[in-house]
Amino acid sequence: MSHVAVVLAAGHGTRMKSDLPKVLHRVAGRPMLSWVLDAVEATKPDATIVVVGHGAEAVVESIGDGVEYCIQHERRGTGHATQVALEHLGDGTGKGVLVVPGDTPLITGDALQQLVDRHAHWESGVVMLSAELADPSGYGRVVRSGGTVLGIVEDRDANIDQRSIREINAGMYLFCGDELAGDLASLEPDNAQGELYVTDVVGLVAGRGERVDAIVVDESVVAGINTLAQLADANRAARERMVGALMAEGVTIVDPARTYIDATVTVERGATLYPGCHLEGSTIVSEGAVVGPDVFAVDSVIGPGARVWYSVLRGAQVGGGCDVGPYTTLRPGTILESGSKAGSFVELKNTVVEENAKVPHLSYLGDARVGRGANVGAGTITCNYDGFEKNRTDIGEGAFIGSDTMLVAPVSIGDGAVTGAGSVITEDVPAGALAIERSDQTIIAGYASRKAERYRSQRDEDADKER
Ligand code: UD1
Ligand code: MG
């Protein structure tokens, strides 16, 4: 029997204490709901309906096309949400209906496929996923008698004996579409929350003597996220998966527990990550690069064999063999070509540092080009903002910018030109020239001892007067 999928994502997520719709909270850099949808899509449903309600617009915008949406205008429980989806489907009967909550980001396609496979030739009955948890509190419990599933009781509605049951309901089911609509219609909100519970359908089906199977899966895939503490746990678990997969592919990760990699990031084999790496967005770490300790990189590329440590990279490209850090900020539009360097306390924005050029210490360069092989002395700054506009600085190939040069943009320094240390450069410098802008040095011989002598005699005179 083919199946359609219904993903429940309309709830408030009240227990998250957050304005962001619960299913958009991120696990490894992606909304929880995206992880759930990946697992659902892996079972190849004929259609996927996402039930949205609270923050519907934000959810639709974040998830985008590729699924169908329907709106649950009032949050009347998981049973009601499922009912809304069936009404939207209209012809959902005759197929299996896979129901999955949107707040279980660790679920896998393999686990859901077990539901589909088990239910494949059933004409009636339900298959659900369960797990044995050391701490089952908060979850619905699977009530069995002699191994047969009788139904599900919610934590809040459970009596003391039922609370001690450690087998929990993962919230994922494969129902027969033909039966489901009728069963949902007969639900009553006679529970602690006054809601229509989809879990009660399981009891109805079992009560009719139809087959109900609960497939016990590993606890690592079932976590339902209702609080920020549970979200942090899920992130830790997702991280372990990701880091484990990378190590299996040949990435050296010095301390997996202190390495934070979004699922959207690529790390190539042969790279090494020291502790404190936070790699986010579309970041790519290439083969042989050594990153960290303590690097935050978002939407950035780190080239083969590059070395980056104690630094922040946002929308930056670091070429092969480059050297970045410690304490370097590379802001959007920064391109370090191969073999170049951005050293300690250097901030670069929208700046291209061409091959083998060096910006080794204490500089700010914005809206600039540093020509191939040029050297930018310590303390050099591009004065790129005149209070109204951002202006460009162009430094030619092989130029030598003296320490503490202020490059007042727009300005260009020719190939092979030199600027004197401490100069404020306001005019273009021709290729090969020296530009120096500071007063001539004056030498006054014997000044220091004469000054000391003057001081001492004045002091003695003053002391005499006081006596
Ligand atoms: C639910 C199950 C519980 C199970 C647990 C697994 C019920 C009654 N309980 O509890 O047995 O152990 O999941 O994680 O189903 N939603 C809607 N509309 C609503 C209410 C909820 O779309 O009116 C959505 C939520 O956005 C969420 C999902 O349904 O994604 C589950 O709701 P939630 O409130 O998290 O249920 P739990 O208390 O976790
Ligand atoms: Mg939940």
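As the structure is a computational prediction, the values presented were derived from the model and not from experiment. (Residues numbered from 1 in each chain as written. Chains lettered and ligands numbered in written order. Predicted model: local features only at pLDDT ≥ 70, side-chain atom pairs only at ≥ 80, totals over all residues. Heavy atoms only, no water.)

**Here's the deal with the packing of helix H3 (residues 78–89) against helix H6 (residues 177–185)**
Here H3 crosses H6 at 130 degrees, and the two axes come no closer than 10 Å. Between H3 and H6, the angle is such that the two are oblique. Seen along the crossing, H3 lies across H6 with a hand that is left-handed. The residues of H6 that touch H3, namely those facing Gly-79, Thr-82, Gln-83 and Leu-86, are Leu-180, Ala-181, Leu-184 and Ala-185. Looking at the contact of H3 with H6, its residues break down into five nonpolar, three polar and no charged. (Axes fitted to C-alpha atoms, helices over the stretch in contact; angles between N-to-C directions. Helix = DSSP H or I, 4+ residues; strand = E, 2+ residues; numbered from the N terminus. Parallel < 35°, antiparallel > 145°, perpendicular 65-115°, else oblique. Left-handed = near helix turned anticlockwise from the far one by under 90°. Contact = heavy atoms within 4.5 Å. Nonpolar A, V, L, I, M, F, W, Y, C, P; charged D, E, K, R; others polar.)

**Considering the coordination of the magnesium ion (ligand 2)**
Only Asp-103 (OD) and Asn-226 (OD1) from the protein reach the magnesium ion (ligand 2) as donors, at distances of 2.1 to 2.4 Å. Taken together, the residues Asp-103 in the loop between strand S6 (96–101) and helix H4 (109–119) and Asn-226 in the loop between strand S11 (212–216) and helix H8 (228–248) connect sequence positions 123 residues apart. One exposure class covers both Asp-103 and Asn-226, and it is buried. (Donors = N, O, S within 2.8 Å, 3.2 Å for Na, K, Ca; no water. Buried < 20%, exposed > 50% of the residue type's maximum accessible area, 1.4 Å probe, protein only.)

**Observations regarding the domain arrangement of the protein**
Under the domain assignment, the protein is made up of domain 1 (3–222) and domain 2 (245–435). Here domain 1 and domain 2 have C-alpha centroids that lie 49 Å from each other. Domain 1 puts four residues into the contact, and the matching count from domain 2 is four residues. Taken together, the two surfaces of domain 1 and domain 2 that pack against each other cover about 240 Å², and 67% of this comes from carbon and sulfur. Of all residues in domain 1, Ala-28, Gly-29 and Arg-30 give up the largest surface area on contact with domain 2, accounting jointly for 89% of the area buried on that side. (Domains from an automatic or database assignment. Buried area = accessible area lost by both parts, 1.4 Å probe.)

**Focus on the site of ligand 1**
Residues in contact with ligand 1 amount to 25 residues; listed here are only the nearest, Leu-8, Gly-11, Gln-72, Glu-154 and Asn-169. In the model, a nitrogen atom of ligand 1 is placed 2.7 Å from a nitrogen or oxygen of the Gln-72 side chain. The contact in question runs from an oxygen atom of ligand 1 to an N or O atom on the side chain of Asp-103, over 2.8 Å. Compared with its free state, where it exposes 750 Å², ligand 1 has 92% of that area covered by protein. Looking at the shell around ligand 1, the elements with two or more residues in it are strand S1 (3–9), H3 and strand S10 (167–176). Looking at side-chain class alone, the shell around ligand 1 contains nine nonpolar, 10 polar and six charged residues. (Near = heavy atom within 4 Å. Polar contact = N/O pair within 3.5 Å; in protein donor to acceptor, adjacent residues only side chain to side chain. Areas by Shrake-Rupley, 256 points an atom, 1.4 Å probe, with all protein chains shown as cover.)

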